[in-house]
Amino acid sequence: SLGNPLMNETLTTEHPTVLDNPLITDDTGQPEAEETKEDSADRVTTTTVSSAPAHVTECATVYSIFMACITSAYTAVYAYYARTGDEKVYKFWTAIILPLSGTAMAISFVLKPRREDQAYKAFLVLQYVLFTLVTEILAIVGDDFAKGTSIRASLRSVLWLALFKFGMKCRSHIATLSDEDLSNFLTNDVIFGGALIGLGQLAFLMFASVQCDGNAEDWSDCNRTLISQAGLSGMVTLYTIIKLASGVVPKRILEKHVLSPKKLLAMDMNTEEAIQAFGLLTAVGCALYSLGNYGAEGNFRSTIEKYAAFTVPSIGGFCLLLTAVWKMVVITGELRRERVQAEGGENQDELPPDSMLVEGSSLWFYAGVLATTFFSAVNVAAAVTMDMSYKTVSMASLPVVALAYLGSTFCQPRRRSPKDMWKLRVHGASFAFLSEGTWVIQNMREGDTPWILGHLVVILVLTILFHFGLKLRAAVGRLPDSDLETFLVDTLFKGSLKTLFSILFLTFRTTKCMFEKESALECSDSSWCSTTISIYLLFWWGTKLVQGSVRSEWRKDLNLSIEKIARMRDISLRRGLAGFLTLVTGV
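Residues numbered from 1 in each chain as written. Predicted model: local features only at pLDDT ≥ 70, side-chain atom pairs only at ≥ 80, totals over all residues. Heavy atoms only, no water.

J.: So what's going on with the overall build of the chain? Which residues, and what values?
T.: Along its length, the chain carries 21 helices and 2 strands. For the chain, the share of sequence-separated contacts (at least 6 apart) that also reach a separation of at least 24 residues comes to 80%. Taken as a whole, the chain presents about 33,400 Å² of accessible surface, with 65% of it coming from carbon and sulfur. (Helix = DSSP H or I, 4+ residues; strand = E, 2+ residues; numbered from the N terminus. Contact = heavy atoms within 4.5 Å. Areas by Shrake-Rupley, 256 points an atom, 1.4 Å probe, with all protein chains shown as cover.)

J.: Go over the packing of helix H5 (residues 133-142) against helix H6 (residues 147-175), please, and point to the residues and values.
T.: It is the contact of H5 with H6, at a shortest axis distance of 9 Å, that shows an interaxial angle of 175°. Accordingly, the angle class assigned to the pair H5 and H6 is roughly antiparallel. Along the contact surface, H5 presents Leu133, Glu136, Ala139 and Ile140, while H6 presents Thr149, Ser150, Ala153, Arg156, Ser157, Trp160 and Leu161. A class-by-class count of the residues in the contact of H5 with H6 yields 6 nonpolar, 3 polar and 2 charged. (Axes fitted to C-alpha atoms, helices over the stretch in contact; angles between N-to-C directions. Parallel < 35°, antiparallel > 145°, perpendicular 65-115°, else oblique. Nonpolar A, V, L, I, M, F, W, Y, C, P; charged D, E, K, R; others polar.)

J.: Which residues make up the nonpolar core, and what values go with them?
T.: The biggest cluster of nonpolar side chains holds 45 residues, and the ones touching the most others in it are Met67, Leu111, Phe185 and Val190. Secondary-structure elements contributing two or more residues to this core are helix H2 (61-84), helix H3 (87-110), helix H4 (118-131), H5, H6, helix H7 (179-215) and helix H8 (223-245). Those residues in contact with leucine 111 that lie beyond four places of it in its chain are Glu58, Cys59, Tyr63, Ser64, Met67, Tyr120, Leu186, Val190 and Ile191. Residues Leu259, Ala402, Tyr405 and Leu472 belong to the second largest nonpolar core, which totals 30 residues. (Core = buried A, V, L, I, M, F, W, Y, C linked by side-chain atoms within 4.5 Å. Buried < 20%, exposed > 50% of the residue type's maximum accessible area, 1.4 Å probe, protein only.)

J.: Go over unusual backbone geometry, please, and point to the residues and values.
T.: Even without being a glycine, phenylalanine 145 presents a positive backbone phi close to 55°. You can call phenylalanine 145 exposed: its relative accessible area is 59%. Located in the positive-phi region is methionine 267, a residue other than glycine, with phi close to 55°. Along the chain, methionine 267 falls in the loop between helix H10 (261-266) and helix H11 (271-293). For methionine 267, a relative accessible area of 30% corresponds to the partly exposed category.

J.: Describe the pattern of salt bridges, listing the residues and the values that go with them.
T.: Using the criterion set out here, one finds 13 salt bridges in the structure. Here glutamate 58 ties to lysine 112 by a salt bridge, and the two come within 3.6 Å at their closest N and O atoms. Note that glutamate 58 is positioned in the loop between strand S2 (44-48) and H2 and lysine 112 in the loop between H3 and H4, a separation of 54 residues in sequence. Overall, the relative accessible area of 2% leaves lysine 112 in the buried class. Of the charged contacts in the structure, one is a salt bridge between glutamate 359 and arginine 415, with a shortest N-O distance of 3.0 Å. Here arginine 415 lies in the loop between helix H14 (388-410) and helix H15 (418-446) and glutamate 359 lies in the loop between helix H12 (303-344) and helix H13 (362-385), a separation of 56 residues in the sequence. The class for glutamate 359 is partly exposed, based on a relative accessible area of 27%. (Salt bridge = Lys/Arg side-chain N within 4 Å of Asp/Glu carboxyl O.)

J.: Would you mind going over the packing of aromatic side chains in detail, with residue names and values included?
T.: Applying the stated criterion to the full structure yields 12 aromatic pairs. When the ring of tyrosine 74 is compared with that of tyrosine 78, the centres are 5.1 Å apart and the planes differ by 75°; the resulting orientation is edge-to-face. Highlighted residues: tyrosine 74 and tyrosine 78, both in helix H2, separated by 4 residues, approximately one helical turn. A single burial state applies to tyrosine 74 and to tyrosine 78, both of which are buried. Where tyrosine 81 meets tyrosine 90, the ring centres are 4.8 Å apart and the plane angle is 20°; that geometry is what we call stacked. Members of the aromatic cluster, joined through ring pairs, are Tyr74, Tyr78, Tyr81, Tyr90, Phe131 and Trp160. Taking the ring centre of phenylalanine 92 as reference, the NZ or CZ of lysine 88 above it sits at 5.8 Å. (Phe/Tyr/Trp six-rings, centres within 6.5 Å; stacked < 30°, edge-to-face > 60°. Lys NZ or Arg CZ within 6 Å of the ring centre and 35° of its normal.)

J.: Pulling in residues and values, what's your account of H4?
T.: Look at H4: 20 Å from first C-alpha to last across 14 residues, which is about the 20 Å you get at 1.5 Å a residue. Tyr120, Leu124, Gln127, Tyr128 and Phe131 are the residues of H4 that are buried. Taken around the axis of H4, the buried residues stretch over an arc of 95°, which confines them to a single face. Seen from the buried face of H4, the exposed residues on the opposite side, beyond 90 degrees, are Gln118, Ala119 and Leu126. (Expected span 1.5 Å × (residues − 1). Arc of directions from axis to C-beta.)

Set out below in structure tokens:
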């Protein structure tokens, strides 16, 4: 028991001694007298075994070696450029490797924050000098000591020195954290968030440019993908560095300044949270623009398009940086107030308890109205102009619009006034009748009777779905406050975001085709395929909405557990059929 690390309880054991054996005699050869309970109680030993693992105060040396190898790859590329003067190496490969090496260098600063010996500090300084100053010298050599390159390298060297000072300062602050906070920071933010997630994303992003270079006749034909990959990678690198720099703040303070989905859904935010929301949403929008160009082969068609590919991710990175700086200013002020209160013997301010969230902000409803209005306008334009490019756009945007429509329908489930119900009915009618009605008119003009009947059937199906959707909305509104909050935050908000990102990933396959073919009409097949898979995802999310309308104590009986799938036992006919249909849909 004492050797089992899983034991986390107080063990009370009576250890046997020679006195417990009646065959053992004393010096006179007579058996010892029977031991009393009081004597036995004196020998009861209490042993406490703790299962808590030791706190991680520094990462293994293998991580430092691995990060040093990644940063050295950037220096090796510049060394090859200095020897050959190859323009492709300078403009193509450095843009691919720089985000990866930069993130590895940032991680190296915080792997062992409490190591203060001269040998480790020398290793860290050498790694940074090779990554920054040596590469700048090699860049000057590769460009034959050009004046412009020398000036730019000198200016960047000043920036590298300032960043080194900032990194060492963050490292010293992180070393002062408690063992528990430092352990959480190293395991969650450094190893998992930085080394696994951050470097993993950057490695995934670089493969599109490498693949394009292998397929294209000239590497300059991959400028669109290269610049988009560099923009996305730069934003990932900046976000990872911000997460690592936030390790200087104790966890109890940092958790107070995290923008929760609950506040974002209710739009109940203070100034700091509003700036965070604006910065993060703007950065996501800029990243989506770069994602639309990512993977598309071919060069830019105009100078404006090229400048936009540079500018948009730069705006996203600036918003991330602005959000981080503002957040750090607010946290610094709070730490200063806590220090003053502690010196004065005052009690720290306690946060008021959060109230239950029973409805989302009206902003999300009007966002859904705006999305459906855009969809209807595109369909009207297609019917009036007979341009099938509008049809391709409407098919590509249908899943996103449907997602926004469902979100606007369920974000305020307890609003049942006649005015609110009238708005919902008008919204649903405009989405179903106006969008499909335009195609009925177009088919009547063309005399295409089968398609007329097909669109009328779609209108009928949408009407039935809208009718049962209102009944489901009423069922959600009758949930207890705790279950309703879980539905709004987890099922509706977080679930819609996950589904939206999956749909956008599929939609950008169509966007990539449009950039490559320079025509929306030639990408109709890609548009139909992405729309079909997105509709599958919408149906899957719809089943989650239906399950979310059930009370939490009943909901556990709806899911097919992994344990039952593994054992293939105790599976009812209904659950087995549901699992089989899900498997067929996936295939």
